[in-house]
Amino acid sequence: FQHVRGRFFYFYLGALFSAVALDGGAKSTVDSLRMPVFRNFHITVPSTEEQDRIVTFIETHASRIDDVIAKTERSIALLLE
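Residues numbered from 1 in each chain as written. Predicted model: local features only at pLDDT ≥ 70, side-chain atom pairs only at ≥ 80, totals over all residues. Heavy atoms only, no water.

As a further point, take the nonpolar core. Among the nonpolar cores identified, the biggest contains seven residues, and these are Val 4, Phe 8, Tyr 12, Phe 17, Val 37, Phe 41 and Val 55. With three residues, the top contributor of residues to this core is helix H1 (residues 6-22). Those residues in contact with Val 4 that sit more than four places away from it in its chain are Phe 9, Val 45 and Gln 51. (Core = buried A, V, L, I, M, F, W, Y, C linked by side-chain atoms within 4.5 Å. Buried < 20%, exposed > 50% of the residue type's maximum accessible area, 1.4 Å probe, protein only. Helix = DSSP H or I, 4+ residues; strand = E, 2+ residues; numbered from the N terminus. Contact = heavy atoms within 4.5 Å.)

See below:
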């Protein structure tokens, strides 16, 4: 993990790992993750510069989406009044 940015890894796992972990048998009567799921999870590691650009892109767009959600929620609250 010497060449992996923490935020990049966070977004990467958030976007892909849950789909991989829950697809095809990670569930039984109790949610669980077994070692084979971790061993078989592949991660693509771009250059640190590209990781930084990806993180900036995600955070910029997530901020815009959060703003739209907040404005929509305010509008709904006003309409309900």
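In a regular helix each residue adds 1.5 Å, so 33 residues correspond to 48 Å; helix H3 (residues 48-80) covers 47 Å between its end C-alpha atoms and thus fits that length. When H3 is considered as a whole, its buried residues turn out to be Thr 48, Gln 51 and Val 55. (Expected span 1.5 Å × (residues − 1).)

What follows concerns the packing of aromatic side chains. Scanning all chains against the criterion turns up two aromatic pairs. Ring geometry for Tyr 10 and Phe 11: centres 5.4 Å apart, planes at 65°, overall edge-to-face. On the basis of relative accessible area, Tyr 10 is assigned to the exposed category, the value being 53%. (Phe/Tyr/Trp six-rings, centres within 6.5 Å; stacked < 30°, edge-to-face > 60°.)

Opposite charge on two side chains lets them pair, provided their charged atoms get close. Tallied over the full model, the rule gives two salt bridges. The salt bridge involving Asp 52 is made with Arg 5; its shortest N-O contact spans 2.8 Å. Here the residue Asp 52 occupies a position in helix H3, and Arg 5 occupies one in the segment before H1, the gap between them amounting to 47 residues. Owing to a relative accessible area of 36%, Arg 5 belongs among the partly exposed residues under this scheme. A salt bridge links Arg 7 to Glu 59; the nearest nitrogen and oxygen atoms lie 3.0 Å apart. With a gap of 52 residues between them, Arg 7 in helix H1 and Glu 59 in helix H3 connect regions that are remote in the sequence. On the accessibility criterion, Arg 7 (42% relative accessible area) is partly exposed. (Salt bridge = Lys/Arg side-chain N within 4 Å of Asp/Glu carboxyl O.)

In this section: the environment of Phe 9. In this fold, Phe 9 is placed in helix H1. A relative accessible area of 24% means that Phe 9 is categorised as partly exposed. When near neighbours in sequence (up to four residues on either side) are disregarded, Phe 9 contacts Phe 1, Val 4 and Ile 43.

Turning our eyes to something else, we now look at the confidence of the model for the protein chain. Model confidence for the protein chain is summarised by a mean pLDDT of 83, while 84% of its residues fall at 70 or above. H3 holds the highest mean pLDDT among the elements of the protein chain, 94, whereas helix H2 (residues 35-39) holds the lowest, 73. (pLDDT = per-residue confidence, 0-100.)

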